[in-house]
Amino acid sequence: MSSEKPKLDGWTCPIPLKHYPTVVMGHGSGGKMMADLIEHLFAPLLENELLAQYGDSTLFEVAGQGGRLAISTDSFVIQPLFFPGGDIGRLAINGTVNDVAMSGATPLYLTVGFILEEGLLMDDLGRIVNSFGTAAREAGVKIVAADTKVVNRGHGDGVFINTTGIGVVPPGVNIAAQNARPDDVILVSGTMGDHGMAIMSLREGLAFDSTIESDCAPLHTLVQAMLRVTHDIHCLRDATRGGLAAVLNELARASRVGVEIEETAIPVQPAVQSACEMLGLDPFYVANEGKLVAIVPRAQAEAVLEAMRQHPLGRQATIIGRVVDKHPGVVLTRTRIGALRVMDMPAGELLPRIC
Amino acid sequence: MKYLDEYRDGALTRQLIQQVAQIVTRPWTLMEVCGGQTHNILKSGLDTLLPSEITLIHGPGCPVCVTPLELVDKAIAIASRPNVIFTSYGDMLRVPGSSGDLFSVKARGGDVRIVYSPLDAVRLAQANPNKQVVFFAVGFETTAPANAMSVFQAKRLGLKNYSILVSHVTVPPILKALLEADNVLVDGFLAPGHVNAVMGYWEYEELVKTHPVPMVITGFEPVDLARGVLMAVRQLEEGRAEVENAYERAVTREGNSAGQKLIDEVFMMTDRKWRGIGTIPMSGYALRDAYRDYDAETRFPDAAAISTEESSICISGEILKGLKKPTHCPAFGKTCTPQNPLGATMVSSEGACAAYYRYGRLQESNVTLVLE
């Protein structure tokens, strides 16, 4: 054995990996890598004043018609195709319905594109389209245009679905990411992380005593119930990829305000918490498909909360924090032990920790 | 939730911190050895609640961070081969090698998969007899029993297509190295409770005899960590230097003897390179001769031949010695961020730099935070 002392100086660094020469999965994760991709590649090439709204849906007017329309598009790529609480068909309706609803609009029409992989079982396709149609009827939206393509085996993942939705914004409603104001109150409509952990525990074959179900659901009637109480709602987001943390960071940045939340106030199902503990994940970064985050003026908070709790999809709605005029663009959380820390934007893919 | 809520109790944690404040009479620097402890200290904000006399510095116990660049390069070379299914714990995939990371290999068409247990990799090998399945066996003593079990099982099953790329390191040699290095400003250690759950703490008793510092076996939740700090500070204030156990619900002096037996069956001690530190004699594991066939470096000799020199840009060496905090690095939060990491300590969520970036950035930039 050598008696030489190891060198503890000059702990070294590898060559910087600033840019990936290819697309990697992290570019689709809803975190900073995706934000960078949009900011540096898509936005400069596609920029216009409507796209610059950067909302879940974009608002526009049709010449001479008065009133505003909301439009949104989303593509659905998920494995497994069927999961507890839903399937890719139901998800493709609810995901786009929710994006349209987050501007306060009533979703009316959807278009759909199916990309099918050669070899997909006809039975599975039938189940998916049946579920897609049922979810559309339940949400009260009409499928008004549709397209089907088939790609060679190995060039798809069973089924990819794209949906685009259009809705009408009621007069007097002005909901946008830029509208949060100091002293506003932040609410969530229910437990965080259900969808992401339902998928992850299935995909990774984690065996739990209880099955975690996806929260996949259309939120537009919940939004309408909130709007019946007051039109004075500042921001709405459905907390999908990147979870609650991504939504709060995006809203804090867009509105140039600070956000402060109470970690213990955020509802998380015990089974979701357990699954997150096993994988070393944080439920506030995990995707939801049937939960929204609302920012409302303090004066309206109690009434909006009550309206949410009266709705089946908002029974566990609760106030989690507030908007402040300090530290603009930064989200702080008070931890269980009473300390304050930053709740940052997620970076790339959620990676389970080693130990 | 049972076993979590009671150890995350805010009132109890603050009570323990209050006790530290009552007994502390001078500045002390404690090192929490394990990256999981660093992560939870920053996540809970425990460091901001401790009396100002107590400085916590973040130790080398992040397996992702200390895995040498050379091994990442070997992993990338193996994963890039056709006919290989390369499996790994999730957070190794974003660690940059000399050129690219394992995510990039996947993007170029390599079959790289995240698994939660090496036994899943063994099952993959059974299910894919025409592929070579390789598992990246990274970690301290904590992951060693499971990694050893995978090789043990593969041999019992007679699998010819399973191997592991071993990058196992152990805690006592690096603690000894830290204690013997010049300028290391550590008054006491919060020992890594999960390593001790496997190995016990009998090994540390000898170390404390020759290098007298308090060594407190510490858990990972806020109450555990606060209790570890309290016991270490009490020793320091009373002039004692002993091994004490503050994680009794998981750790015994002897540890998990079945796990140790399995490690000893499959692995032997060897010299290991630590990222940025260099080689520490007898500081890690290699497969014993009887299991040599399951060593990915035996199976892929061209990858085994890769040798990579590390360049020196970042300051993790000084961070490790407690001379600097991540925020003292000029690249921190600017050119070096979790999505564009310059060094491994920024990659793993257990790395000190990543933990600072996620949870501590604002305090360090001197913004006053008040939540009424």
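Residues numbered from 1 in each chain as written. Chains lettered and ligands numbered in written order. Predicted model: local features only at pLDDT ≥ 70, side-chain atom pairs only at ≥ 80, totals over all residues.

## Some points on the overall build of chain A
Of the regular secondary structure elements, chain A holds eight helices and 14 strands. Sorting the 355 residues of chain A into buried and exposed places 51% on the buried side. (Helix = DSSP H or I, 4+ residues; strand = E, 2+ residues; numbered from the N terminus. Buried ≥ 20, exposed ≤ 12 C-beta atoms within 10 Å, placed from the backbone.)

## Looking at the packing of helix α7 (residues 118–127) of chain B against helix α8 (residues 144–156) of chain B
Residues and elements named next belong to chain B. Across the interface, α7 lies against α8 with an axial gap of 8 Å and an inter-helix angle of 25 degrees. Relative to α8, the element α7 is oriented roughly parallel. For the pair α7 and α8, the crossing hand works out as right-handed. Of the residues in α8, those touching α7 at Pro118, Leu119, Ala121, Val122 and Ala125 are Ala146, Asn147, Met149, Ser150, Gln153 and Ala154. Here the contact of α7 with α8 is composed, by residue class, of eight nonpolar, three polar and no charged. (Axes fitted to C-alpha atoms, helices over the stretch in contact; angles between N-to-C directions. Parallel < 35°, antiparallel > 145°, perpendicular 65-115°, else oblique. Left-handed = near helix turned anticlockwise from the far one by under 90°. Contact = placed C-beta atoms within 7 Å. Nonpolar A, V, L, I, M, F, W, Y, C, P; charged D, E, K, R; others polar.)

## Observations concerning the confidence of the model for chain A
On average, residues of chain A score 89 in pLDDT, and 89% of them reach the 70 mark or higher. A low-confidence stretch, residues 1–18 of chain A stays under pLDDT 50, and its non-local contacts, those more than four residues away or across chains, total 51 contacts. (pLDDT = per-residue confidence, 0-100.)

## Concerning helix α8 (residues 298–310) of chain A
Buried residues of α8(A): A:Gln300, A:Val304, A:Leu305, A:Ala307 and A:Met308, and no others. Those residues of α8(A) that are buried lie in contact with β8 (185–188), α5 (220–229), β11 (292–296) and β12 (318–324) of chain A.

## Thoughts on the nonpolar core
The biggest cluster of nonpolar side chains holds 211 residues, and the ones touching the most others in it are A:Leu187, A:Leu248, A:Ala294, B:Ala75, B:Ile78 and B:Leu165. A total of nine residues in this core trace back to one element, the largest contributor, which is helix α12 (residues 222–238) of chain B. Among the domains, domain 1 (57–169) and domain 2 (177–342) of chain A are the pair contributing at least three residues each to this core. Once you skip the residues sitting within four places of it in the chain, A:Leu187 turns out to touch A:Ala294, A:Val296, A:Val304, A:Leu305, A:Met308, A:Ala317, A:Thr318, A:Ile319 and A:Ile320. (Core = buried A, V, L, I, M, F, W, Y, C linked by C-beta atoms within 7 Å. Domains from an automatic or database assignment.)

## A closer look at the sheet that holds strand β13 (residues 331–334) of chain A
Residue and element names in this part refer to chain A. What the seven strands build is an open sheet, ordered β9-β11-β8-β12-β10-β13-β14; its pairing is mixed. Where the open sheet ends on each side, the last strands, each with one partner, are β9 (235–238) and β14 (340–342). Taking each pair of neighbouring strands and ignoring which way they run, the sheet shows an average axis angle of 25 degrees. Sheet topology note: the β8/β12 ladder contains four bridges and is antiparallel. Residue pairing across strands places Leu187 opposite Ile319, the latter belonging to β12. Sheet contacts for α8: β8, β11 and β12; angle to β8, the most-contacted strand, approximately 10 degrees. (Pairing = 2+ DSSP bridges.)

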